[in-house]
Amino acid sequence: MKCAWASVDENGRTHGGKAGDQTGREVKTGDYYNFGQTVALRPKNATYGYWIAKYAYDIANNNNVGYDQYQRKTLYDITAATGWKKTTVNEKCECDCSELAVCAINYAAEKPLLSASVYSGNIVKEAMKTGRFDEIKITKSYSPKQGDIVVRPGHHVIIVIGSVTKPATSKPATSKPAAAAAPNIWAAGKTYTCRENMNVRTGAGTSYRKKKVSEVTADAKKHCTSQSASA
């Protein structure tokens, strides 16, 4: 199962390097691996999980984004400036493992559910407050799923991206827009002329029987195609 994470700067350190990914490996994708993780945050909604994965994938493949714990908030600020709607980053900036996950969570929701100060030590607690995740204790039976945020509290965070191949440029609406009301083409008190012969029924709809000539008004009888009382 493929994952994305922020690793280390170009000098093998936690801070002090140049902004951006100088090696192509500061923020990267790779196979799921064991780093002492104990818990996973699993999105309750699979579509939400997909967009978390999509953000992490896009950022991991953007060499404008590098690793630096001291400058970690710069990626957050750039994505926040788009209203959490775009992953396009055209300027050199930095993040760390937990900030990448925080930005992915916010991006998928299109709003700042988590602050930039959230880190690996409290991301589980803060993410659970949003109501969007289930907390899963990692045991031997744990099976990674797209969108999972896998945590070793106080140490490291990775994001399960799976196979991010869905061609999408924008996130789907969380709910369908209300259907537009049908226009009211009839108005009380006005006179309308029928352009074709019509049946007069005992009620609205074809499930009601047609009226006989004897059952319609005197004026209506003048316009009947048949004058037979039984018709």
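You'll find the structure just up there.
So, here is what we can say about the structure in this document.

1. Quick look at the nonpolar core
The tendency in soluble globular proteins is for nonpolar side chains to be buried as a group.
Part 1: In this structure, Ile-52, Leu-75, Ile-123 and Ile-149 are the most contacted members of the largest nonpolar core, which totals 46 residues.
Part 2: Here this core takes 10 residues from helix 3 (residues 97-109), the largest share from any one element.
Part 3: What Ile-52 contacts, discounting residues up to four positions off in sequence, is Pro-43, Ala-104, Ile-105, Ala-108, Phe-133, Gly-147, Ile-149 and Ile-159.
Part 4: In this structure, Trp-5, Ala-40, Tyr-142 and Val-160 belong to the second largest nonpolar core, which totals nine residues.

2. Describing the packing of aromatic side chains
Part 1: Counted by the stated rule, this structure contains seven aromatic pairs.
Part 2: Aromatic side chains Tyr-48 and Phe-133 sit 5.9 Å apart centroid to centroid with 65° between the ring planes, which places their arrangement in the edge-to-face category. With Tyr-48 in helix 1 (residues 46-60) and Phe-133 in strand 6 (residues 133-137), this residue pair connects regions lying 85 residues apart in the sequence. Of the two residues examined, Tyr-48 and Phe-133, each falls in the buried class.
Part 3: Linked through ring pairs, Trp-5, Tyr-33 and Phe-35 together constitute an aromatic cluster.
Part 4: Sitting over the ring of Tyr-48, Arg-132 keeps its end group 4.9 Å from the ring centre.

3. Re the packing of helix 2 (residues 73-81) against helix 3
Part 1: Close contact between helix 2 and helix 3 brings their axes to 9 Å; oriented N to C, the two are set at 15°. When the axes of helix 2 and helix 3 are compared, the pair comes out roughly parallel. In this structure, the crossing between helix 2 and helix 3 has a hand that is right-handed. Across from Lys-73, Leu-75 and Tyr-76 in helix 2, the residues of helix 3 making contact are Glu-99, Leu-100, Val-102, Cys-103 and Asn-106.
Part 2: Residue composition of the contact of helix 2 with helix 3, grouped by class: five nonpolar, one polar and two charged.

4. Structural notes on the pattern of salt bridges
Two side chains carrying opposite charge are able to pair once their charged atoms lie near each other.
Part 1: In the structure shown here, the tally under the stated rule is 10 salt bridges.
Part 2: The closest approach of N and O atoms between Asp-148 and Arg-42, which form a salt bridge, is 2.7 Å. Of this pair, Asp-148 sits in the loop between strand 6 and strand 7 (149-152) while Arg-42 sits in strand 3 (residues 39-43); the two residues are 106 residues apart in sequence, bridging distant segments of the chain. Considered together, Asp-148 and Arg-42 belong to a single accessibility category, that of buried residues.
Part 3: As a salt-bridge pair, Arg-209 and Glu-215 come within 2.7 Å of each other at their nearest N and O atoms.
Part 4: Residue Glu-215 is classed as partly exposed on the basis of its relative accessible area, which comes to 35%.
Part 5: Within this structure, Arg-72, Asp-96 and Glu-99 form a network of salt bridges that share partners.

Conventions used here
- Counting of residues starts from 1 at the beginning of each chain's written sequence and follows it residue by residue.
- Local features are withheld for residues below a pLDDT of 70 in this predicted model, meaning they are given only at 70 or higher, and side-chain atom pairs are given and counted only at 80 or more; totals for whole chains, interfaces and linings count all residues.
- Hydrogens and waters are ignored; side-chain quantities use all the structure's heavy atoms.
- Nine residue types can take part in a nonpolar core, namely buried Ala, Val, Leu, Ile, Met, Phe, Trp, Tyr and Cys, and a core is a set of them joined through side-chain atoms within 4.5 Å.
- Think of it in three bands: residues with accessible area under 20% of the maximum for their type are buried, residues over 50% are exposed, and the middle band is partly exposed, with areas taken using a 1.4 Å probe on protein chains only.
- Under the DSSP-based scheme used, a helix requires at least four consecutive residues in state H or I and a strand at least two consecutive residues in state E, with every element numbered from the N terminus.
- Pairs of residues are marked as contacts when any of their non-hydrogen atoms sit within 4.5 Å.
- Aromatic contacts are taken between Phe, Tyr and Trp rings whose centres are within 6.5 Å, Trp giving its six-membered ring; a plane angle under 30 degrees counts as stacked, one over 60 as edge-to-face, and the others as tilted.
- We call a charge positioned over a ring when the NZ of a Lys or the CZ of an Arg lies within 6 Å of the ring centre and within 35 degrees of the ring normal.
- Every axis corresponds to a line fitted to the C-alpha atoms, with the helix fit spanning only the stretch in contact, and the corresponding angles, defined between N-to-C directions, vary from 0 to 180 degrees.
- An angle below 35 degrees is treated as roughly parallel, one above 145 as roughly antiparallel, one from 65 to 115 as roughly perpendicular, and anything else as oblique.
- Each helix crossing is assigned a hand: it is left-handed if the near helix lies turned anticlockwise from the far helix by less than a right angle, otherwise right-handed if that turn is clockwise.
- Any residue outside Ala, Val, Leu, Ile, Met, Phe, Trp, Tyr, Cys, Pro, Asp, Glu, Lys and Arg is labelled polar, Gly included; the first ten of those are nonpolar and the last four are charged.
- Whenever Lys or Arg places a side-chain nitrogen within 4 Å of a carboxyl oxygen from Asp or Glu, that contact is recorded as a salt bridge.

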